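Single-letter residue listing:
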Amino acid sequence: MNPENPTPLIDADALAKLQAWQGRSETLADDITAAPVRALSATLDRDDALPAFGTRLPELWHWLYFLPHHRQSEIGEDGHAKRGGFLPPVPLPRRMWAGGRLNWEAGNPLQVGDKVERTSTIASVTHKAGRTGELVFVLVRHEVRNERGLALTEEHDIVYRAAAAPGEKAPPPTPAPKDAAFSREIVPDDVLLFRYSALTFNGHRIHYDRRYVTEVEGYPGLIVHGPLIATLLVDLLRRNVPGAQLARFEFRAVRPTFDIAPFRVHGKPGADNKTFSLWGEDADGWLTMQATAVLA
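For clarity, every value in this text was computed on a predicted model and none was experimentally measured.

### Describing the pairing of strand β3 (residues 115–130)
Both faces of the sheet carry side chains from a regular strand, because those side chains alternate between them.
Then comes step 1: Looking at chain direction, strand β1 (residues 25–31) and β3 are connected through seven bridges and run antiparallel. If you follow L28 over to β3, its bridge partner there is R118.
Then comes step 2: As paired elements, β3 and strand β4 (residues 133–146) share 13 bridges and run antiparallel to each other. In the strand pairing of β4, S124 is matched with L139.

### Overview of the sheet that holds strand β2 (residues 94–104)
The strands making up a sheet associate through backbone hydrogen bonding, with each pair oriented either parallel or antiparallel.
Then comes step 1: The ten strands are arranged β1-β3-β4-β5-β2-β7-β10-β9-β8-β6 in an open sheet whose pairing can be described as antiparallel. Edge strands, defined here as strands with exactly one partner in the open sheet, are β1 and β6 (182–186). Pairs of neighbouring strands in the sheet enclose a mean axial angle of 20°, with direction left out of account.
Then comes step 2: With five bridges joining them, β6 and strand β8 (residues 263–269) adopt antiparallel strand pairing.

### Side note on the pattern of salt bridges
Then comes step 1: Applying the stated rule across the entire model yields 20 salt bridges.
Then comes step 2: Between D48 and R46 there is a salt bridge, with its nearest N and O atoms 2.9 Å apart.
Then comes step 3: The class for D48 is partly exposed, based on a relative accessible area of 31%.
Then comes step 4: R101 serves as the salt-bridge partner of D157, at 2.8 Å between the closest nitrogen and oxygen. One end of the pair, D157, is in strand β5 (residues 149–161); the other, R101, is in strand β2, with 56 residues separating them in the sequence.
Then comes step 5: Judged by its relative accessible area of 25%, R101 falls in the partly exposed class.
Then comes step 6: When salt bridges that share partners are traced, they join R46, D48, R184, D235 and R239 into one network.

### Digging into the nonpolar core
Then comes step 1: Of all hydrophobic cores here, the largest spans 55 residues; its most connected members are L60, L102, L228, L237, L246, F249 and F251.
Then comes step 2: In terms of residue count, the dominant contributor to this core is helix α5 (residues 226–240) (eight residues).
Then comes step 3: Not counting the four nearest positions on each side in its chain, L228 is found in contact with L44, L192, L193 and Y196.
Then comes step 4: Listed in part, the 14 residues of the second largest apolar core include F86, L92, V138 and Y160.

### Side note on α5
Then comes step 1: A rise of 1.5 Å per residue sets the reference length of α5, with its 15 residues, at 21 Å; its end C-alpha atoms lie 22 Å apart and thus fit the reference within 8%.
Then comes step 2: With twelve of 15 residues buried, α5 is to be regarded as a mostly interior element.
Then comes step 3: Among all positions in α5, only G226, P227, L228, I229, A230, T231, L232, L233, V234, D235, L236 and L237 are buried.

Thresholds, definitions, all that
- Residues numbered from 1 in each chain as written.
- Predicted model: local features only at pLDDT ≥ 70, side-chain atom pairs only at ≥ 80, totals over all residues.
- Heavy atoms only, no water.
- Pairing = 2+ DSSP bridges.
- Helix = DSSP H or I, 4+ residues; strand = E, 2+ residues; numbered from the N terminus.
- Axes fitted to C-alpha atoms, helices over the stretch in contact; angles between N-to-C directions.
- Salt bridge = Lys/Arg side-chain N within 4 Å of Asp/Glu carboxyl O.
- Buried < 20%, exposed > 50% of the residue type's maximum accessible area, 1.4 Å probe, protein only.
- Core = buried A, V, L, I, M, F, W, Y, C linked by side-chain atoms within 4.5 Å.
- Contact = heavy atoms within 4.5 Å.
- Expected span 1.5 Å × (residues − 1).

Structure (structure tokens):
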């Protein structure tokens, strides 16, 4: 808990109520259409051929589908859907995508033209009290299927944090590795963040509302989407390993990335040339995201 506020927001009874969401599931249907693929390709500054029926969907681009379509009256102050519904109503104001683990089924890639279905289940709800306050972690498991069967399984980590306390200091940063084999600099301007928010129908105000993110949530600038950074890491691998297809990918957000300065994405192969280390680095040289990709 926060030493400035010794009374926890989430006691044993409150946690038990949140954990009652464990096991809840929902299933959504969608179509892998070409327009979002064209749009993300442009957003990532790629010169891809126009997608056609049967074009293989690059890894992580499934995040363009199964988008949240909450009515405007259901949106909370932070731009997310109001608490409750499928996700538990965690009473902590700051919510972020903390990381995930993904496995693709061999021989069944998602393709443009596929009719797809995603089943999502709340796997766990856990609570921790750290140096900077209370944290609640929600683990969601997704299974994505097309007409040919299971195509992808994903574990999605969501973290909820207490509001920033006056004078709160960020956790000590970790220096980014300096042994990259390939790298790319990214300029996270307002347009890039807007385009990715629009593509993923993400109304979270920390990505586009500078007044809200600085005055309400206490950050120094707009926050670059964690999924966008993960997508840029995989895109970096695709640019440097032609024909790369992933069997597994794991990533963890280490430190927020803000739009106030360029950042870099890096990668290097392992000894087997099949496993790659990937990471993000901010303008001050601190590690912002670390990931591992395993080729099929």
